[in-house]
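# Summary of structural features
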Amino acid sequence: MPRNESVFTWAAPPLKFGAGALDELGAEVAARQAKSCLILTDPGVRGTGIPDRALDSIRAAGVKSEIFDGVGVEPTDASIDEAVAYARQQEWDCFVAIGGGSAIDTAKAVNLLTTHPGELLDFVTPPIGAGKAPWLPLKPLIAVPTTAGTGSESTTICVVDLLGLHLKAGVSHPSLRPSLAVVDPRTTITLPSEVTAASGMDVLSHALESYTSVAFDAKPAPEEPMKRPAFCGSNPISDVWCEMALTLVGKHLRAAVLNGRDLTARTQMALASTYAGTGFGNAGTHLPHANAYPIAGAVKQYRAAGYPEMPMVPHGQAVSATAAEVFRWTYPASPERHLHAAHLLSGGQTFTTTDGADALPHVLTELMADIQMPRGLHAFGYGDEDIDTLVDGTLKQTRQLAVVPRPVTRAALEDIFRRSL
């Protein structure tokens, strides 16, 4: 019988946090002995002026720099190919990503594919891609998040929408983790309320999924110690950060959505995002994220308010769409954790086994209603006829499925999707 794991790994990038952190970007790039630096962002973030402030700071430090502002919102293999082609036109000593998860994930892919031969699918997690591990050094990557949500500034993960497969998938390796996270809460003030809400639900889902993932010592030990998966399962260090994130989201997300200029709420949500990122970047996300990839990848006509005019389900909306039913289903695996999560998220309400599996879904749906999140998969245009497609997509997400706290069956997924319609 295979022995159980007895070791967990935990890592996070250095962090520079606070109002004014953005203005120190040039000094940070120069400190890495870089002579050239490519900034990657999207047109919407470019329009805020934040990337150009960063450009001025980097150039003032004596470093040659340019901005690539063609990052795709919810990046696809096509948009990443475009960014890689731009970056390959010359040698860069350093990369800076400014934006949400789309910009940071794109920069991770650019860093990987400008330092390694091959294409993105060579590195995507099996069974969708070949799952190659990077074998050459990557360049320094500084991540500057402008949303309080993705946590990508803390993680080893790059997520991409594979257009030909109508599916999202990921690349995951420790060398993709940014060299530095620069978090300046002022950069989030101009976020539309809809984006704030979706990003905040991503923070929440990161924390809840990591906190309720399978315990690291309840998994089989790896055959080779240096080939442990990036997601190790819930562990004592990630638990601390996830609990803090849940408390902050419960207390401040509503205020951040309702009044974007509330700097206290913005700062606390930026902290929550950082806490949850360091938590899930090690413990891992599970079923709401696994379900989110086909929900986003198979979208046909849905257009989200506050986002570019194109068919897309924003990541935070996609992960929250099945969250209530997932946590109802995972409850028996760790009732005490689900009840404690509901306690933290609700601001201190007491829940007992009498409330049972309904406690956490109740708190979640109340919060989602307050911040006007889309209600149910029907809102995205999905119906009973799409359940097989969605289940097929979830079953391909091996990275997330490895830390689900209960055995995942096709029948269980069908029920979760159907109850989430």
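Analysis parameters
- Residues numbered from 1 in each chain as written.
- Predicted model: local features only at pLDDT ≥ 70, side-chain atom pairs only at ≥ 80, totals over all residues.
- Heavy atoms only, no water.
- Helix = DSSP H or I, 4+ residues; strand = E, 2+ residues; numbered from the N terminus.
- Rg over C-alpha atoms; globule rule 2.2 N^0.38 Å.
- Buried < 20%, exposed > 50% of the residue type's maximum accessible area, 1.4 Å probe, protein only.
- Contact = heavy atoms within 4.5 Å.
- Areas by Shrake-Rupley, 256 points an atom, 1.4 Å probe, with all protein chains shown as cover.
- Lys, Arg positive; Asp, Glu negative; His and termini not counted.
- Charge placed at Lys NZ, Arg CZ, Asp CG, Glu CD.
- Expected span 1.5 Å × (residues − 1).
- Phe/Tyr/Trp six-rings, centres within 6.5 Å; stacked < 30°, edge-to-face > 60°.
- Lys NZ or Arg CZ within 6 Å of the ring centre and 35° of its normal.
- Polar contact = N/O pair within 3.5 Å; in protein donor to acceptor, adjacent residues only side chain to side chain.
- Pairing = 2+ DSSP bridges.
- Axes fitted to C-alpha atoms, helices over the stretch in contact; angles between N-to-C directions.
- Parallel < 35°, antiparallel > 145°, perpendicular 65-115°, else oblique.
- Left-handed = near helix turned anticlockwise from the far one by under 90°.

The subject of this paragraph is the overall build of the protein. Counting its regular elements, the protein contains 16 helices and eight strands. Taking 2.2 N^0.38 as the reference for a compact globule, 421 residues should give roughly 22 Å; the C-alpha atoms of the protein span a radius of gyration of 20 Å, in line with that estimate. When the backbone C-alpha atoms are referred to their principal axes, the protein occupies close to 65 × 50 × 40 Å. Residues counted as buried form 59% of the 421 residues belonging to the protein. When contacts within the protein are restricted to residue pairs at least 6 apart in sequence, long-range pairs at least 24 apart make up 78% of them. As displayed, the protein has an accessible area near 16200 Å², and 54% of this comes from carbon and sulfur atoms. If the 33 positive side-chain charges of the protein are averaged to one point and the 44 negative ones to another, these points end up 3 Å apart.

Taking 1.5 Å as the rise per residue, helix α6 (residues 193-212) with 20 residues should run 28 Å; its terminal C-alpha atoms sit 28 Å apart, in good agreement. Of all the 20 residues making up α6, 18 are buried; the element is thus mostly covered by neighbouring parts of the structure.

Let's shift gears to the packing of aromatic side chains. This model, assessed by the stated rule, comprises five aromatic pairs. On the basis of an interplanar angle of 20 degrees and a centroid distance of 6.4 Å, the ring pair of F123 and W135 is categorised as stacked. On the criterion of sequence distance, the pair formed by F123 in the loop between α5 (101-115) and β5 (141-145) and W135 in the loop between α5 and β5 is long-range, its members being 12 residues apart. Taking the centre distance of 5.1 Å and the plane angle of 45 degrees together, the rings of W241 and Y275 count as tilted. Placement of W241 in helix α7 (residues 236-258) and of Y275 in helix α8 (residues 263-283) is noted, with a sequence separation of 34 residues between them. Note on Y275: relative accessible area 16%, which makes it buried. The ring of Y211 carries R337 above its face, with NZ or CZ at 4.7 Å from the centroid.

Along the polypeptide, S320 turns up in helix α10 (residues 315-321). What makes S320 buried here is its relative accessible area of 3%. Reaching out from S320, the side chain makes a polar contact with the backbone oxygen of Q317 at a distance of 3.1 Å. In contact with S320, not counting residues within four places along its chain, are M201, M368 and M373.

A word on unusual backbone geometry. The amide bond that connects P126 to the next residue, P127, takes the cis arrangement and shows omega of 5 degrees. For P127, the location among the structural elements is in the loop between α5 and β5. The phi angle at E74 is positive, at roughly 55 degrees, despite the residue not being glycine. Along the chain, E74 turns up in the loop between β3 (64-68) and α4 (77-87). Positive phi outside glycine occurs at Q372, with the angle close to 60 degrees.

Moving on, we get to the environment of D161. Locating D161 in the fold gives a position in strand β6 (residues 157-162). For D161, a relative accessible area of 11% translates into the label buried. Put simply, D161 and G297 are 136 residues apart on the chain and 6.2 Å apart in space, counted from C-alpha to C-alpha. Ignoring any residue separated from it by four or fewer positions in sequence, one finds D161 in contact with P75, T76, D77, L167, K168, A296 and G297.

What follows covers the sheet that holds strand β8 (residues 180-183). Strand order in the open sheet formed by six strands is β1-β8-β5-β4-β2-β3, and the pairing between neighbours is parallel. Each end of this open sheet is capped by a strand with a single partner; those strands are β1 (15-17) and β3. Strand-to-strand, the axes of this sheet are offset by a mean angle of 15 degrees, without reference to chain direction. α4 contacts β2 (36-40), β3 and β4 (94-99) of the sheet and is inclined by roughly 160 degrees relative to β3. With respect to the sheet, α5 is in contact with β2, β4 and β5, its orientation differing from that of β4 by roughly 160 degrees.

Direction vectors running N to C along α7 and α8 enclose 150 degrees, while the axes themselves pass 8 Å from each other. Taken together, the axis directions place α7 and α8 in an arrangement best described as roughly antiparallel. Relative to α8, α7 is oriented so that their crossing is left-handed. Across the interface between the two elements, S238, W241, C242, M244, A245, L248, V249, H252, L253, A255 and A256 of α7 pack against A265, R266, Q268, M269, L271, A272, Y275, A276, T278, G279, N282 and A283 of α8.

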